[in-house]
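Summary of the model geometry
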Amino acid sequence: MPSEQRLHPASVLFAFGKSAKAFLLPGLLVLASANRSSGGADGTFGGLPANWELWLMLLMIPSALAAVARYLSYRIRYEGTELVIRSGIVFRNERHVPYARIQNLDAEQNLVHRALGVIEVRVETGGGREREARISVLPAAAFAEMRRRVFEGRDRLPPVDDAAVSAGTRLPHAPRPLLHLPLRELLLFGFLENRGLVLIGAAYGLSWELGVFERVFGGLFDDRWYAPVVPTALMEDLARGALSRGSIVVLGAGLAGLLLLVRIISMVWGATRLYDFSLTRAGGDLHTRYGLLTRVATTIPVRRIQTLTIRQGPLHRLLERCSMRVETAGGQPGPQQNKREREWLAPLVHEREVAGLAREVLPELDLAALEWKRPHPRAFRRAVKPGMAVALIFTFAPTGGLG
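Scope of this entry: the structure provided in the associated data block. (Residues numbered from 1 in each chain as written. Predicted model: local features only at pLDDT ≥ 70, side-chain atom pairs only at ≥ 80, totals over all residues. Heavy atoms only, no water.)

A short note on the overall build of the protein chain
Scanning the protein chain from N- to C-terminus turns up 14 helices and 14 strands. Counting over 403 residues, the protein chain shows a buried share of 34%. Considering only contacts in the protein chain between residues 6 or more positions apart, those separated by 24 or more positions represent 55%. Summed over its atoms, the accessible surface of the protein chain is roughly 23700 Å², and 63% of this surface lies on carbon and sulfur atoms. (Helix = DSSP H or I, 4+ residues; strand = E, 2+ residues; numbered from the N terminus. Buried < 20%, exposed > 50% of the residue type's maximum accessible area, 1.4 Å probe, protein only. Contact = heavy atoms within 4.5 Å. Areas by Shrake-Rupley, 256 points an atom, 1.4 Å probe, with all protein chains shown as cover.)

Here it is as structure tokens:
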């Protein structure tokens, strides 16, 4: 394998796909709902030509050219002590990342990545809030070569400081499993997280914009009772006191069905997002792998862990479950990175396993010996008073001249 590595040709397609998310999908949505906002004589924007939305697609041309230029200019070179990343044609950019400073080499593969045999790689160091590099995309063999060269390069280096001589600077050879979540636990995780409402809301909004409700329910109900305005009609009848018992039963059944659907969708989301979740320890690093459609592999350096958070909601306590996550020094996520998922130690774990996992992260920690102290009796009032004072001012000040 040569010391210099180029991106996979499919990187152009993935870069173009990211541009499509930013321009193409909103443009298609505008086109689909053009009967509400199109130009032309009968449109809302009468000064614009009909189907003016198509011109928005021209904004994708610069992004496509930039993707090709990035593929042609991007190079990765392995030096004796550092990883060198070079990019740019007109403006050249060259970054030198010492092997000793590289904390994580994380990989992500969605269905398209796996079909093409490529991997998106994140190179992270402990030197700032942003990741050092996001490499999209490399062949699977090139990623394996990168891991080998980076870890071997760290092993050959003298220690930079006390943290650099910890076990985490050596390439581990015997991973030790700590946690594996079966399908039952993943479904339970989705039930407790209750993310289904967000998905239903997004689907409802998209269906409304595309006119799906009008086409499907328009012939079944009159204009007042077809699906999108049912809540408004019910509120009007309730205000007039004209809501019948049958309507109340239908409303209650509809709400119960919606809550059940939300939980079911959330369970499917949890099982898909965290499918085959596993946590292993190899030397001084914790490794997580999960995902059905998008496979994610991350690394959490134990020596960099600063905070361990154990969370329990009411349903968690009822089912004797906890959620555990960690925060690392210098590993703060950027604006495009999900902090909670990136630093999950255990999305869901039984209470009896919490102490063991906590000792893997902080060996000196004894949860049973922790001494808890209550806040001051007046702490609640001190926390609430400023907010209540501001709320009262903004509530009554605009009404001072009324009466």
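A short note on the packing of aromatic side chains
This structure, assessed with the given rule, holds three aromatic pairs. Between the aromatic rings of Phe189 and Trp269, the centroid separation amounts to 6.1 Å while the plane-to-plane angle is 25 degrees, which identifies the pairing as stacked. One end of the pair, Phe189, is in helix α6 (residues 183-193); the other, Trp269, is in helix α10 (residues 245-273), with 80 residues separating them in the sequence. Both residues of the pair, Phe189 and Trp269, belong to the buried class. Between Phe277 and Tyr290, the ring centres sit 5.8 Å apart and the planes meet at 25 degrees, which makes this aromatic pair stacked. (Phe/Tyr/Trp six-rings, centres within 6.5 Å; stacked < 30°, edge-to-face > 60°.)

As for the pattern of salt bridges
Scanning the model with the defined rule gives 13 salt bridges in all. With its nearest N and O atoms 2.5 Å apart, the salt bridge here joins Arg77 to Glu79. Judged by relative accessible area, which is 32%, Glu79 ranks as partly exposed. The closest approach of N and O atoms between Glu360 and Arg281, which form a salt bridge, is 3.4 Å. Of the two residues, Glu360 is situated in helix α13 (residues 351-361) and Arg281 in strand β9 (residues 278-282); the sequence distance between them amounts to 79 residues. Overall, Glu360 belongs to the buried group, its relative accessible area being 16%. Note on Arg281: relative accessible area 18%, which makes it buried. A cluster of three or more residues bridged by salt bridges with shared partners is formed by Asp106, Glu108 and Arg122. (Salt bridge = Lys/Arg side-chain N within 4 Å of Asp/Glu carboxyl O.)

Here we look at the side chain of Arg281
A polar atom in the side chain of Arg281 sits 2.6 Å from the backbone oxygen of Glu360. Contacts of Arg281, omitting those with residues within four sequence positions, involve Ala174, Pro175, Arg176, Leu178, Leu286, Val302 and Glu360. (Polar contact = N/O pair within 3.5 Å; in protein donor to acceptor, adjacent residues only side chain to side chain.)

Describing unusual backbone geometry
Following Ser136, the chain continues to Val137 via a peptide bond in cis, the omega torsion being 5 degrees. Mapped onto the elements, Val137 comes out in strand β7 (residues 133-139). At Asp276, a position not held by glycine, the phi torsion is positive, near 60 degrees. Phi is positive for Glu320, which is not a glycine, with a value near 60 degrees.

Notes on the environment of Ala142
Relative to the elements of secondary structure, Ala142 occurs in helix α5 (residues 140-156). Owing to a relative accessible area of 4%, Ala142 belongs among the buried residues under this scheme. Separated by 134 residues in the primary sequence, Ala142 and His8 place their C-alpha atoms 9.4 Å from one another. When residues no more than four places from it in sequence are discounted, the contact partners of Ala142 are Gln5 and Tyr78.

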